[in-house]
Amino acid sequence: MEDPRTEGAGCAERVGGRHPLGEKVGRFVRERVFPRESALDAGGPAAAALMAALREEARAEGLWALPLPAELGGGGLPFREYAELAEAEGASDHGPAAVGSAPLLDVRMLAGHGSPGVREAYLKPLVAGEMRTCYAMTEPGVPGTAPLRTATRAERRPDGSWLVTGRKWFTSGAAGADLVTVLARTSGAVGDRDGLSLLLVPTRSPGFRVVRELPVLGGAGPYEIELDRVRVPADHLLGEPGRALDIAGRRLQLGRTLRCLRWLGQARRAFDLMCERAATHDGSDGPLADRQLVQAHVFDALLALRTTRPLVMEAVALIDSGEDARTEVGLAKVATARMLQQVVDAAIQVHGAAGLGPDTPLPALFRTGRAARILDGPDELHITSVARRVLRDYGRVPAARRG
C-alpha cells in the first residue's frame, strides 16, 4: 500500500514541471525525500545517516548545490533560474538540505562579507555539505522586528578577538551547526542604530550552549542558544564593525523570498493531496469530487496559488537584478503565508479526520502555514512597512499626475 505521505505527485499543479532540472528535483523530493520524512523528523544519528545517503544520491543525479557558486563546487544557477527549483525542493522541509541548497544564504553572505581567512576556511566545506551554519538574530523578550534592542554584546580584546555574551532564540538548525552568525552590539547603547555587528561563531567554542528546542505548535522547531563570553577570532567579523543592519537587510530580502518559494512548493503539495483525495474517495452520497463545496475548496485554493506565485516571481526578478525589492518582498511574504494556510486548511477539510492525523503531512504543513505569518517578520510588520512606503512615494507625485 502506498504511503499517504508520498501522495501528491500526480496533480496538474505539481511543482517542477516547467524546467528540466525542476522536474528532476521535484521527482527526487517526491520519490526519495517524502517517504523518509518521518525518519528525518525524528532526528538523531539514524536521521543524520539517512540524510547523508540522500545527499549522495542527489550528487549522483547531478542535483547537488545547484544555486551555489560553480567555483566552489555548486551548480552556478542564477537565482532567477533557481527559483522554480526552490519550489520543487521546498515541498519538503528536508528537501533543501537533501539537495545541498540549504546554505545558499550563508554562502552568499560569507562570500560577500567574510574575510579572506573565513572564505578560505568555510566556503568550500559549506558547499560540499561538510559543514552547517545557522543565523541567530532574535532574542527572548525582544521582538524580532526590533533589532536595535539587541542585548547580546561583543567585547573586543587587546588581541583583536571578540568575547560574545548573550542569548538568542528561534535559531533554526543550531543543534547540528558548526557555525552560527550572531547579531551583537559591538559599540553604543541598546537602541542605537550604529554599533550592531555580525560575528561568525564556531559552535565548538567554550561558552557556546544549545539551551533547548522550541517546538512550534507541538511539532519540531528551532532552538534557543546561549553564549557566555565565547571567544571569536578577529577575522570572523563580517563586514565593517557597526554595519550589521546593511548586511542583514540584504540577507532578509533574499531569505524571505526563498521562504516564499518553498511555501509555494508546500502549498502545491497540499493542493495535490486535496485533489487526489477528492478524486479517489467517496462520501456518504458519492464521490467527493462531485460535491460543489469540495469543488469550491479546489477552486479557491487554485486561485490563491495562481495569484500568489506572480508576486513571488516579481520579487525574485528584482532581487536577481540587484534592485530594491522591499515592497515586492513584503507583498509576497504576506500573500504566500496567507495562501499556504488557506490551501492546507482546505486540504485538511477535504480529508476530514484523516487530515488531522499522522498519516499525511497536512498537520505539519498547517503548522508551517500558521508559523509563516510570524516568521521573518509578522504580517503586520510587512503590511505597515509596505503601506508607508507606497503612501510616502505617492505623496511625492504631483496632484495632476495622480489620475
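Presented here is a report on the structure given in the accompanying data block. This structure is a prediction, so every number in the text was calculated from the model and none was measured. (Residues numbered from 1 in each chain as written. Predicted model: local features only at pLDDT ≥ 70, side-chain atom pairs only at ≥ 80, totals over all residues. Heavy atoms only, no water.)

1. A short note on the overall build of the protein chain
The condition that has to hold: Only DSSP runs of H or I covering at least 4 residues are called helices, and only runs of E covering at least 2 are called strands; the numbering of each starts at the N terminus. Put simply, the radius of gyration uses C-alpha atoms, and a globule should come to 2.2 Å times the residue count raised to 0.38. Accessible areas in this description were obtained via Shrake-Rupley with a 1.4 Å probe; residue shielding takes into account the shown protein chains only. When charges are counted, neither His nor the chain ends are considered; positive counts come from Lys and Arg and negative counts from Asp and Glu. For charged residues, the charge sits on one atom: NZ in Lys, CZ in Arg, CG in Asp, CD in Glu.
In terms of regular secondary structure, the protein chain is built from 12 helices and 10 strands. Against the globule reference of 22 Å for 403 residues, the protein chain gives a C-alpha radius of gyration of 22 Å, in line with a compact fold. Projected onto its principal axes, the C-alpha coordinates of the protein chain cover approximately 80 × 65 × 40 Å. If you sum the accessible surface of the protein chain, you get close to 18,400 Å²; carbon and sulfur atoms cover 53% of it. Side chains of the protein chain carry 52 positive and 50 negative charges; the gap between the two charge centres is 6 Å.

2. A closer look at the side chain of Thr186
Keep this limit in mind: Any pair of N or O atoms that falls within 3.5 Å is considered a polar contact. Within protein, one atom must be able to donate a hydrogen and the other to accept it, and sequence-neighbouring residues count only if both atoms are side-chain atoms.
For Thr186, the position within the fold is in the loop between strand S4 (179-185) and strand S5 (196-202). At 2.7 Å, the side chain of Thr186 and the side chain of Ser197 are in polar contact.

3. A short note on the packing of helix H10 (residues 326-351) against helix H11 (residues 362-372)
If you want to describe how two helices pack, look at the angle between their axes and the distance between the axes. Rules: In this description, a line fitted to the C-alpha atoms serves as the axis of each element, helices being fitted only across the stretch in contact, and the angle between N-to-C directions of two axes falls anywhere from 0 to 180 degrees. Here is the rule for angles: anything less than 35 degrees is roughly parallel, anything more than 145 is roughly antiparallel, 65 through 115 is roughly perpendicular, and the remaining ranges are oblique. Crossings are sorted by hand: turned counterclockwise from the far helix by less than a right angle, the near helix makes the crossing left-handed, and turned clockwise it makes it right-handed. Whether two residues are in contact is decided by their heavy atoms, any of which lying within 4.5 Å being enough. Any residue outside Ala, Val, Leu, Ile, Met, Phe, Trp, Tyr, Cys, Pro, Asp, Glu, Lys and Arg is labelled polar, Gly included; the first ten of those are nonpolar and the last four are charged.
Two elements in contact, H10 and H11, have axes whose closest approach is 8 Å; the angle formed by their N-to-C orientations is 150°. Judged by the inter-axis angle, H10 sits roughly antiparallel to H11. Like other packed secondary-structure pairs, H10 and H11 cross with a definite hand, here left-handed. Side by side, H10 and H11 meet where Lys333, Ala337, Leu340, Gln341, Val344, Asp345, Ala347, Ile348 and His351 of the first sit next to Leu362, Leu365, Phe366, Thr368, Gly369, Arg370 and Ala372 of the second. Residues belonging to the contact of H10 with H11 are distributed by class as follows: nine nonpolar, four polar and three charged.

4. Some remarks on the pattern of salt bridges
Two side chains of opposite charge can pair, provided their charged atoms sit close to one another. This is how it is decided: The salt bridge definition used is simple: a Lys or Arg side-chain nitrogen within 4 Å of an Asp or Glu carboxyl oxygen. Working definition: with a 1.4 Å probe on protein chains only, accessible area under 20% of the residue-type maximum means buried, over 50% means exposed, and in between means partly exposed.
Under the defined criterion, the tally for this structure stands at 25 salt bridges. Here Glu139 makes a salt bridge to Lys168, at a shortest N to O gap of 3.0 Å. Here the residue Glu139 occupies a position in the loop between strand S1 (133-136) and strand S2 (153-156), and Lys168 occupies one in strand S3 (residues 162-171), the gap between them amounting to 29 residues. What makes Glu139 buried here is its relative accessible area of 5%. In this structure Lys168 comes out as buried when scored by relative accessible area, which is 0%. Asp178 serves as the salt-bridge partner of Arg204, at 3.1 Å between the closest nitrogen and oxygen. A residue pair is termed long-range when its members are at least 10 positions apart, and Arg204 in the loop between S5 and strand S6 (208-213) and Asp178 in the loop between S3 and S4 qualify at 26 residues. By relative accessible area, Arg204 is classed as exposed at 70%. Each of the salt bridges in this network shares a partner with another, and the network as a whole consists of Arg167, Arg209, Arg212, Glu224 and Glu226.

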